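# Observations on the model geometry
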Amino acid sequence: MLRRTLLLGLCRGPLGRGLGTHRGGSILGKVEGRGGYRGSWMAPSSSSVTFRTQDPAHDVKTVGRLGGGDRDGKMSEIKKKIQSILPGGDWNPLYDTSYLPPEGSDVVIVGGGVLGLSVAYWLKKLEKPRGAIRVLVVERDHTYSRASTVLSVGGIRQQFSVPENVQLSLFSVDFLRNINEYLAVADDPPLDIQFNPSGYLLLASEKGAAIMENNVKVQRQEGAKVCLMSPEQLRNKFPWINTEGVALASYGMEHEGWFDPWCLLQGLRRKVQSMGVLFCRGEVTRFVSSSNLMKTASGEEVNLKRIHEVHVKIDQSLEYQPVECAIVVNAAGAWSGQVAELAGIGNGPPGTLQGTKLPVELRKRYVYLWHCPQGPGLETPFVIDPSGTYFRREGLGHNYLGGCSPTEEEEPDPGNLEVDHDFFQDRVWPPLAQRVPAFETLKVRSAWAGYYDYNTFDQNGVVGPHPLVINMYFATGFSGHGLQQAPAVGRAVAEMVLEGHFQTINLSSFLFSRFYSGEKVQEHNII
């Protein structure tokens, strides 16, 4: 399957990096100036180097050993002298092209957040033989200042209502708790993910109690350790909670809590680089593809497309580099809908498969950090109120992180990452103070905004290939729980690319085709 899927003979290799030098050897070169002015030079390990031209009067001779640490300095001096004698003085044979992506890669991953890096990791981890696949990750925000990963609150839970989501999180928490078994790099220090196993505490009103009971049944069937608590049991375990309006609570007893997202991101990046994955700082602006007209079993004509080339615009430059490829993975998070449009996805008559768009868009969410000396202590779990408001402890100094998702009518402008502090006063603080009376005296210390890759169809992930653009694969649309499921999702996408089907967790219900068929994955526990 791998040989049929990946065109491993495709790549022409990296671009030439300009003239270079190698220690202990010699480099022969040739230069040409304006008006046919020519010369050649040779860099041996002897004590002198002469650059000879057609006019002996312009010969350049440099004396001194070129071995050891002096060699680079001498070579630099020689190059300057060469340049000074050329007409115009603008010749630069050592133009650096190392920032450009390669001319070809078996797999191009669009998006270098945790989902894209996880796909890269598992492709290299599962490849046979080792080194068989060339993987390129394209990321436009090399600082990750706008990345959903680092702007999240870092929670992980198994308390979902869909079995696949429970399975994804169960594997991912095992990955996180044993992270150095997966991501260790020789001679580098071990990762400290700072996993805090304090659990999730979900509260339900009378209206939501029956749904919570059903959800917990699903979670237990999949192996999650979750217990149900009555209001009285809740008060006994967490006396700082006001149980007014709470009919039932579910509490994760194992493998739930929060961790450091930045550590996971950097750990994945470090590991995949050690495995040979290439990185490019740039933006995908175009796909070049071919198409074949086909008929479905029902007689409908459809165009099957295959992407052959990805155009990457280089960061802070007008240059772009075409990269030939066999597979494209769309892991562009909140921008993955735009990337899909570049590939022609959704560009067809409404109501057809060709006209079905990837329903993932940018949604802005606020996170607030507050201080409350009288607030809950070290045993505080990640609490989710029936109102949708959530909070967790941050560190040891009575600091807390929290927020609340807005309603459709309240959705803020995603065009910037400015924080609406009135939203905290009006929508977040009242339910917080009602649920935890000590929060009446809290003081907000800071706040930030981040992006959800929001799936408007059913708020669940999109995993696997597109049915018509047959070599574009998705790892996106998780609407706030992509970070915690990234290790398992990356494995699933790699399995599909390498083997043609899911092997460990069947994510067929998360395929793109559900947007055309209208079959929603109904997850009740979206935060």
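What you see is a predicted model; the values in this text were computed from it and never measured. (Residues numbered from 1 in each chain as written. Predicted model: local features only at pLDDT ≥ 70, side-chain atom pairs only at ≥ 80, totals over all residues. Heavy atoms only, no water.)

## Some thoughts on the overall build of the protein chain
Of regular secondary structure, the protein chain possesses 12 helices and 21 strands. The buried share of the protein chain, taken over its 527 residues, is 51%. Expressed as a percentage of contacts within the protein chain between residues at least 6 apart in sequence, the contacts between residues at least 24 apart total 71%. Here the protein chain displays about 23,800 Å² of accessible surface, and carbon together with sulfur accounts for 49% of that area. (Helix = DSSP H or I, 4+ residues; strand = E, 2+ residues; numbered from the N terminus. Buried < 20%, exposed > 50% of the residue type's maximum accessible area, 1.4 Å probe, protein only. Contact = heavy atoms within 4.5 Å. Areas by Shrake-Rupley, 256 points an atom, 1.4 Å probe, with all protein chains shown as cover.)

## Some thoughts on the sheet that holds strand E19 (residues 443-455)
Strand order in this open sheet of 8 strands is E9-E10-E8-E16-E17-E18-E15-E19, and the pairing throughout is mixed. Two strands close off the open sheet at either side, each with one partner strand: strand E9 (226-229) and E19. Strand-to-strand twist across the sheet, computed as the mean angle between neighbouring axes with direction ignored, equals 20°. Here helix H6 (residues 209-221) sits on the sheet and contacts strand E8 (200-204), E9 and strand E10 (248-252); the angle it forms with E9, its principal contact strand, is near 155°. Sheet contacts for helix H10 (residues 421-435): E8, strand E15 (360-371), strand E17 (390-394), strand E18 (399-403) and E19; angle to E15, the most-contacted strand, approximately 60°. (Pairing = 2+ DSSP bridges. Axes fitted to C-alpha atoms, helices over the stretch in contact; angles between N-to-C directions.)

## Here we look at the pairing of strand E12 (residues 278-295)
Across 4 bridges, strand E6 (residues 135-139) lies against E12 in parallel orientation. When the sheet's bridge partners are listed, Glu 139 is paired in E12 with Arg 281. The pairing of E12 with strand E13 (residues 301-314) spans 13 bridges and is antiparallel. Across the sheet, Ser 290 pairs through a bridge with Arg 306, a residue of E13. Hairpin connection of E12 to E13: 5 residues between the antiparallel strands, including Gly 299 at a positive phi of 95°.

## Focus: helix H4 (residues 163-177)
Here H4 contains 15 residues, and its C-alpha end-to-end distance of 21 Å stays within 8% of the 21 Å for a straight helix at 1.5 Å per residue. Burial in H4 covers these residues: Glu 164, Asn 165, Val 166, Leu 168, Ser 169, Phe 171, Ser 172, Val 173, Phe 175 and Leu 176. (Expected span 1.5 Å × (residues − 1).)

## Overview of the confidence of the model for the protein chain
Looking at the protein chain, pLDDT values average 86 and 81% of them are 70 or higher. Low confidence marks residues 1-66, where pLDDT is under 50. Its contacts with residues over four positions away, or in another chain, come to 144 contacts. (pLDDT = per-residue confidence, 0-100.)

## Overview of the pattern of salt bridges
Enumeration over the complete set of coordinates arrives at 13 salt bridges. Glu 411 is the partner of Arg 365 in a salt bridge, and the nearest nitrogen-oxygen pair spans 3.0 Å. In this pair, Arg 365 sits in strand E15 while Glu 411 sits in the loop between E18 and H10, placing the two residues 46 residues apart along the sequence. We classify Arg 365 as buried; its relative accessible area is 9%. Here the salt bridges share partners, and the residues they tie into one network are Glu 361, Arg 363, Arg 365, Glu 408 and Glu 411. (Salt bridge = Lys/Arg side-chain N within 4 Å of Asp/Glu carboxyl O.)

## Digging into the packing of H4 against helix H11 (residues 482-499)
Put simply, H4 and H11 touch, their axes get as near as 7 Å, and they point 100° apart. What the angle tells us is that H4 and H11 run roughly perpendicular. Every residue of H11 that contacts H4 at Asn 165, Leu 168, Ser 169, Phe 171, Ser 172 and Phe 175 is listed here: Gln 484, Gln 485, Ala 486, Pro 487, Ala 488, Val 489 and Arg 491. Classifying every residue of the contact of H4 with H11 by side-chain character gives 7 nonpolar, 5 polar and 1 charged. (Parallel < 35°, antiparallel > 145°, perpendicular 65-115°, else oblique. Nonpolar A, V, L, I, M, F, W, Y, C, P; charged D, E, K, R; others polar.)

## Things to note about the side chain of Ser 172
Checked against the element boundaries, Ser 172 lands in helix H4. Owing to a relative accessible area of 0%, Ser 172 belongs among the buried residues under this scheme. A polar atom in the side chain of Ser 172 sits 3.4 Å from the backbone nitrogen of Ala 488. For Ser 172, the contacting residues outside a window of four places in its chain are Ile 156, Gln 484, Gln 485, Ala 486, Pro 487 and Ala 488. (Polar contact = N/O pair within 3.5 Å; in protein donor to acceptor, adjacent residues only side chain to side chain.)

## What about the nonpolar core?
Of all hydrophobic cores here, the largest spans 59 residues; its most connected members are Ile 109, Phe 175 and Leu 264. When residues of this core are assigned to their parent elements, the largest contribution, 10 residues, is made by H11. One finds Phe 287, Ala 340, Leu 358 and Phe 515 within the second-largest nonpolar core, a separate group that totals 29 residues. (Core = buried A, V, L, I, M, F, W, Y, C linked by side-chain atoms within 4.5 Å.)

## Section: unusual backbone geometry
Cis geometry is adopted by the peptide bond preceding Pro 129, which originates at Lys 128 and carries an omega value of -5°. With respect to the helices and strands, the residue Pro 129 is situated in the loop between helix H3 (114-126) and E6. Positive phi, close to 60°, is recorded for His 255, a residue that is not glycine. Note that His 255 resides in the loop between E10 and strand E11 (257-258). Look at His 255 and you get partly exposed, because its relative accessible area is 31%. Positive phi, close to 60°, is recorded for His 398, a residue that is not glycine.

## Regarding the packing of H3 against H11
For the pair H3 and H11, the least separation of the axes is 7 Å and the interaxial angle reads 40°. Relative to H11, the element H3 is oriented oblique. Taken as a pair, H3 and H11 cross one another with a handedness that is right-handed. Between H3 and H11, the contacting residues are Val 114, Leu 115, Ser 118, Val 119, Trp 122, Leu 123 and Leu 126 on the first element and Gly 482, Leu 483, Ala 486, Pro 487, Val 489, Gly 490, Arg 491, Val 493, Ala 494, Glu 495, Val 497 and Leu 498 on the second. Partitioned by chemical class, the residues of the contact of H3 with H11 number 14 nonpolar, 3 polar and 2 charged. (Left-handed = near helix turned anticlockwise from the far one by under 90°.)

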